[in-house]
Amino acid sequence: MGRSYFHLHLVSDSTGETLIAVARAATAQYEGVSAIEHVYPLVRSSKQLDRVISEIDTAPGLVLYTLVDRDLSGRLEEACRATGCPHLSVLAPVHSLLESYLGAASTARPGAQHMLNAEYFKRIDAMNFTLMHDDGQLPSDLEEADVILVGVSRTSKTPTSIYLANRGLKTANIPLVPNMPVPPALEQVQRTLVVGLVASPERIVQIRQNRLLSLKADEDTSYVDRELVAEEIAFSRRLCARNNWPIIDVTRRSIEETAAAILDLYRDHSLRFIAV
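All values derive from a computational prediction rather than experimental measurement.

Procedures and definitions
Residues numbered from 1 in each chain as written. Predicted model: local features only at pLDDT ≥ 70, side-chain atom pairs only at ≥ 80, totals over all residues. Heavy atoms only, no water. Helix = DSSP H or I, 4+ residues; strand = E, 2+ residues; numbered from the N terminus. Buried < 20%, exposed > 50% of the residue type's maximum accessible area, 1.4 Å probe, protein only. Contact = heavy atoms within 4.5 Å. Lys, Arg positive; Asp, Glu negative; His and termini not counted. Charge placed at Lys NZ, Arg CZ, Asp CG, Glu CD. Pairing = 2+ DSSP bridges. Right-handed = clockwise from strand over helix to strand, strands pointing away. Salt bridge = Lys/Arg side-chain N within 4 Å of Asp/Glu carboxyl O. Expected span 1.5 Å × (residues − 1). Arc of directions from axis to C-beta. Axes fitted to C-alpha atoms, helices over the stretch in contact; angles between N-to-C directions.

K.L.:
Explanation requested: the overall build of the protein in the structure shown.
P.N.:
Counting its secondary structure elements, the protein contains nine helices and eight strands. Seen through its C-alpha atoms, the protein measures out along the principal axes to roughly 70 × 55 × 30 Å. By the burial criterion, 34% of the 276 residues in the protein qualify as buried. Taking all contacts inside the protein whose residues are at least 6 apart in sequence as the whole, residues at least 24 apart take part in 74%. Across the protein, the centroid of the 28 positively charged side chains sits 1 Å from that of the 34 negatively charged ones.

K.L.:
Just checking my understanding: could you explain the pairing of strand β6 (residues 171–175) for this structure?
P.N.:
A regular strand places its side chains on the two faces of the sheet in alternate fashion. When you tally the buried positions in β6, you get four out of five residues, the bulk of the element. Sheet analysis places strand β5 (residues 147–151) next to β6, joined by five bridges and oriented parallel. When the sheet's bridge partners are listed, Val147 is paired in β6 with Thr171. Viewed along the sheet, the connection from β5 through helix α6 (residues 157–166) into β6 turns out right-handed.

K.L.:
Before we go on, may I ask you to explain the pattern of salt bridges in this structure?
P.N.:
A side chain of one charge can pair with a side chain of the opposite charge when the charged atoms of the two come close. Per the counting criterion, the structure on display carries eight salt bridges. With its nearest N and O atoms 3.0 Å apart, the salt bridge here joins Glu55 to Arg51. Residue Glu55 and its partner Arg51 are both found in helix α2 (residues 46–58); the two are separated by four residues, about one turn of the helix. On the basis of relative accessible area, Glu55 is assigned to the partly exposed category, the value being 30%. The partly exposed category is assigned to Arg51, whose relative accessible area is 45%.

K.L.:
Mind showing me how you'd approach the pairing of strand β2 (residues 33–40) here?
P.N.:
The sheet contact formed by strand β1 (residues 4–12) and β2 spans eight bridges and is parallel. Residue pairing across strands places His7 opposite Ile36, the latter belonging to β2.

K.L.:
Explain unusual backbone geometry to me, please; I cannot follow it from the model alone.
P.N.:
Most of the time, phi is negative for any residue but glycine, and the peptide bond is trans. Positive phi is not limited to glycine here, since Asn179 has a value of about 65°. Tracing the backbone through its elements, the reader meets Asn179 in the loop between β6 and β7 (193–198). Assessed through its relative accessible area of 82%, Asn179 is described here as exposed. Phi at Lys216 is positive, roughly 55°, even though this residue is not glycine. Topologically, Lys216 is positioned in the loop between α7 (201–215) and α8 (226–242).

K.L.:
Honestly, helix α9 (residues 255–271) in this entry has me stumped. Any pointers?
P.N.:
Because an α-helix packs 3.6 residues into every turn, residues spaced three or four apart end up facing the same way. Given a rise of 1.5 Å per residue, 17 residues ought to cover 24 Å, and the 25 Å separating the end C-alpha atoms of α9 matches this to within 8%. Among the residues of α9, those classed as buried are Thr258, Ala259, Ile262, Leu263 and His269. Mapping the buried residues of α9 onto a view down its axis gives an arc of 140°, with all of them on the same face.

K.L.:
Please explain the sheet that holds strand β4 (residues 87–89) as it appears in this structure.
P.N.:
Backbone-to-backbone hydrogen bonds join strands into a sheet, with any given pair of strands oriented parallel or antiparallel. The four strands lie next to each other as β2-β1-β3-β4, forming an open sheet whose pairing is parallel. The strands lining the two open edges of the sheet, one partner per strand, are β2 and β4. Averaged over neighbouring strand pairs, the angle between their axes works out to 20° when direction is ignored. As judged from the three bridges shared by strand β3 (residues 62–66) and β4, these two strands associate in the parallel manner. What sits directly across from Leu64, in β4, is Leu88.

Here's what the structure looks like:
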């Protein structure tokens, strides 16, 4: 059977990140169907909405939106009904439930979740720290990290670190290299959560081969020798076991799934240091 396609219009008065995430999570559940995404962020005026409606008229399809301005959302709904496009305010059911539970009406504030508050600057600080401590850099102040990721090459340490930084965690990552000692500071941290990332030798070799191919480098190297890679992974497991560091196998995990597991570990880890 061939793959079928449909137009999916995502209209937001903010960055559209929430809307895109919800839409992709939902459409991923349908095999053989792909959405042609039309994303319209920061729609906050009638002129901007006119352009959106024009494009929906040109390519009719499903319309999902997050517009807190009632006039704009009303105009969009009217236009969708005129063209016969199914439409849904993604946040409306959530707002309705919250209003019923809290007994208070919501305040229309486009992009309120992106305000420059303390949480925002915490994420910026975490991102700066994480970028400065990527791939074993600046090991002298590892104690300042919230999380340290350790693992052999190609276990997704850097992208996972950046994801965690975006969630507000200062994250350092340390590569485990054959015949190279780990930084002394790593085994001396007290309050920082250290997590080992591992994967199957086959997966590591596959990723490394693709990496060498992209660099047009010689593939006849111990870097992609399956037995040597297995020894690297065994070493990383022994190191983690010796220090009682939790291990996450990333062989079949996405970055998001790995980060979610680490955040869960971090919450439990943090409870140990909360004063009773």
